[in-house]
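Fold and geometry: a report
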Amino acid sequence: MAALTLVTLGALWVGARIDAASALEHGGREDLSWVVVRGGDTLWEIADAVTGGGDPAPAIRRIMDLNGLSDSVIRPGTRLYLPDGSAP
């Protein structure tokens, strides 16, 4: 019984990951603005640039969600899509 439960949970987890990845790939990001992360960039600075001086915290959350980031660590060379209507 425990093995069946583990297999079922595993299948649900894999299915959720596939759906999330598919949504990101086909979620209409081609129309969104984006930036390429450079050495020394932070998510806070990028979000601050797109909010025009407002509170960057909500923009950080939107950027993380849009790009499938689990934390705020970004790496140089990564393309980050920005929320609709945002431009750096």
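What this report covers is the structure whose coordinates are included nearby.

Each value, and the rule that gives it
Residues numbered from 1 in each chain as written. Predicted model: local features only at pLDDT ≥ 70, side-chain atom pairs only at ≥ 80, totals over all residues. Heavy atoms only, no water. Helix = DSSP H or I, 4+ residues; strand = E, 2+ residues; numbered from the N terminus. Buried < 20%, exposed > 50% of the residue type's maximum accessible area, 1.4 Å probe, protein only. Phe/Tyr/Trp six-rings, centres within 6.5 Å; stacked < 30°, edge-to-face > 60°. Lys NZ or Arg CZ within 6 Å of the ring centre and 35° of its normal. Core = buried A, V, L, I, M, F, W, Y, C linked by side-chain atoms within 4.5 Å. Contact = heavy atoms within 4.5 Å.

The next subject is the environment of R75. Within the secondary structure layout, R75 lies in the loop between α3 (57-67) and β2 (79-81). According to the relative accessible area criterion, R75 is exposed, its value standing at 53%. In sequence terms R75 and V36 are 39 residues apart; their C-alpha atoms lie 9.4 Å from each other.

This paragraph deals with the packing of aromatic side chains. Under the criterion given, the structure shown has zero aromatic pairs. The ring of W34 is capped by R79, whose NZ or CZ atom sits 3.6 Å from the centre of that ring.

Moving on to the nonpolar core. L43, I46, I63, I74, L80 and L82 are the most contacted members of the largest nonpolar core, which totals 13 residues. Counting residues per element, the ones that place at least two in this core are α2 (43-51) and α3. Apart from the residues within four sequence positions on either side, I63 is in contact with L43, I46, A47, L80, Y81, L82 and P83.

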